[in-house]
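# Reading the structure
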Amino acid sequence: MIGVGGAGNHIIDAVLMRRDTLRNNNSSLAEVWEGGLANYGSLNTNITELGETYYAREDRGFSREALVTNGMIGYRHHNYSGAGRNWKVGRQLMQKDFEGEKNAIRDRLDLNLNDIEASQAVMLINSVTKGTGCGATPVLAENIRDLITEGTGGEDTIAFSKPLISSVVLPSDHEFGSSEMVRGVVGMAYLSKAVDGIIPFDNSKLDDPPSDLAVDIDQDMLGRYNPPMYTDINRLLVTFLESFTMSSTPQSADTAGTARINGEVFDVPDSFRPVQRKYSQSEDRAYKPAVVMAPVIGKTSASTFDRSRLDTLARSTLLQGQLVEFDPKTAWGGTFMVYGPEEKMEELAPLLSNNELSSILSGEDFLARENFEGPGSIDVYVNQLVVPHVDDVYLWGLLWNPHLPTLERMYDHARELVEHSDSQEASELREMWDTVEPLFDCLGRENMG
Ligand SMILES: Nc1nc2c(ncn2[C@@H]2O[C@H](COP(=O)(O)OP(=O)(O)O)[C@@H](O)[C@H]2O)c(=O)[nH]1
Ligand SMILES: [Mg+2]
């Protein structure tokens, strides 16, 4: 996991504080992070912001000098005071780090190439509405891609190459004005070109009310290192990321016997590869956009299960458990994971093996699979995991390429500028419009190939 810019740095911090909270409580769930998270790093253009993180202070214990070489974007090209609200500054500073013979990943950043190579996937975490996360992350992604595909035989290997996923936080409504919308569109578009999958999160969906799904993180730590308005938001984000990480723990966790997380192996590429084949082979599209994966999570404390209990769980997950605003009926399908303690998963087993859950998720109120009249198919995958150290049964999911009202509002605004404005901002947007279109052309099932 790599956090870029303020939001990314805070979220990496929340993950590390979660891991350390679990460790301090001797919880065996700590293994999820110890086994599932190969390594992590936080980058920024702003030395003060990065210097104040849990990551820099408590986890790595960086000196000021180490902070510069390990974490600063735009090494020796500025005074490390940030990129402001200018995505171009973030982009250009990151490009400086890969100019000519330079390769900041190989040369100096706290991103270990061996760990990147050994990992199942790389997840970038950033915002797209300010300067650093928005501008720098896509350039970093391109360079990670180049490094891991270098010398492996070019184009053909892309299908086997390591998944690059980006988790993006979108600001609450009251936070975004015209220029945030433009940056949001630009940031998402460049990312969409550089990574395989994007998981967008609406801060407003994560916020209110604080969810009982949000994991426990030591309040003293969290309050000290995460800004107060993001503590609850980030705890819920960590819930989602922890589940995602669990999915890849079975292969790596090295614990004995029954206390072990086990189940169907759900590889990270499974979260988007089935979708990439559904894109139409459009000749005039400038690139094949990343799969957008809308996150959902829900849980139930029930200990006996029948179809109606599963229906309630599906409802609370797909409708109330959305971490970004979307309508499941517009999605191309989705991948789900149901997990819980052994005795409850045993109760669930007969229902799951009868495909009850996937039939509910495919039904009228949810993905409405039957309503799709195109030639393709709306695929719904359900994986299951036994996780010994949780009390409840959780349903976690990613729904593919639905319409996303939050982003589409940003897009409509940008398009309006492109069509009717003489401003410099509009002319810059016009120049990169063929990078913007493909992403938005693929949202919604009417756009499925
Ligand atoms: N969920 C979440 N969002 C954050 C957090 N910090 C900042 N943000 C979001 O990120 C936006 C600011 O971008 P930031 O990442 O600080 O800018 P950058 O440093 O230039 O990349 C804010 O509008 C918030 O929406 C955080 O800790 N959690
Ligand atoms: Mg910042």
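Residues numbered from 1 in each chain as written. Chains lettered and ligands numbered in written order. Predicted model: local features only at pLDDT ≥ 70, side-chain atom pairs only at ≥ 80, totals over all residues. Heavy atoms only, no water.

## Comments concerning the side chain of T45
With respect to the helices and strands, the residue T45 is situated in the loop between β2 (41-43) and α3 (47-51). At 3.2 Å, the side chain of T45 forms a polar contact with the backbone nitrogen of A83. The contacts of T45, once residues within four sequence positions are left out, are M72, I73, H78, Y80, S81, G82, A83, L93 and T132. (Helix = DSSP H or I, 4+ residues; strand = E, 2+ residues; numbered from the N terminus. Polar contact = N/O pair within 3.5 Å; in protein donor to acceptor, adjacent residues only side chain to side chain. Contact = heavy atoms within 4.5 Å.)

## Here we look at the nonpolar core
Ranked by size, the top nonpolar core spans 85 residues in total, and within it I2, L140, I144, V195, F336, L348 and L399 carry the most contacts. Ranked by the residues each element gives to this core, the list is headed by helix α10 (residues 178-194), at nine residues. Here this core gathers at least three residues from each of two domains, domain 1 (2-257) and domain 2 (293-402). Beyond its immediate sequence surroundings of up to four residues, L140 is in contact with I2, V4, L43, M94, F98, I105, L111 and L124. Counting 69 residues, the second largest nonpolar core, distinct from the first, contains F272, V291, I378 and C442. (Core = buried A, V, L, I, M, F, W, Y, C linked by side-chain atoms within 4.5 Å. Buried < 20%, exposed > 50% of the residue type's maximum accessible area, 1.4 Å probe, protein only. Domains from an automatic or database assignment.)

## Things to note about the site of ligand 1
Neighbouring residues of ligand 1: 18 residues in total, closest G6, S127, G133, E175 and N234. Backbone polar atom of G6 to an oxygen atom of ligand 1: 2.7 Å apart, as the coordinates give it. G131 is positioned such that a nitrogen or oxygen atom in its backbone is 3.1 Å from an oxygen atom of ligand 1. For ligand 1, whose unbound accessible area comes to 570 Å², protein coverage reaches 93%. Among the elements of the structure, α1 (5-24), α9 (132-149) and α13 (231-246) are those that each provide at least two residues to the shell around ligand 1. Taken together, the residues of the shell around ligand 1 sort by class into six nonpolar, nine polar and three charged. (Near = heavy atom within 4 Å. Areas by Shrake-Rupley, 256 points an atom, 1.4 Å probe, with all protein chains shown as cover. Nonpolar A, V, L, I, M, F, W, Y, C, P; charged D, E, K, R; others polar.)

## Regarding the domain arrangement of the protein chain
Looking at the assigned domains, one finds that the protein chain contains domain 1 (2-257) and domain 2 (293-402). For domain 1 and domain 2, the distance between their C-alpha centres works out to 27 Å. Across the contact, 21 residues belong to domain 1 and 20 residues belong to domain 2. Looking only at domain 1, the three residues that lose the most surface to domain 2 are K205, L213 and F240, adding up to 30% of its buried area. Linking domain 1 with domain 2 are zero salt bridges. Counting the contacts that link domain 1 with domain 2 gives seven residue pairs in polar contact (both at pLDDT 80 or more). Contributions of two or more residues to the side of domain 1 that touches domain 2 are made by β5 (197-202), α11 (203-207) and α13. Each residue belonging to the side of domain 1 that touches domain 2 can be placed in one class, and the counts come to 13 nonpolar, five polar and three charged. (Buried area = accessible area lost by both parts, 1.4 Å probe. Salt bridge = Lys/Arg side-chain N within 4 Å of Asp/Glu carboxyl O.)

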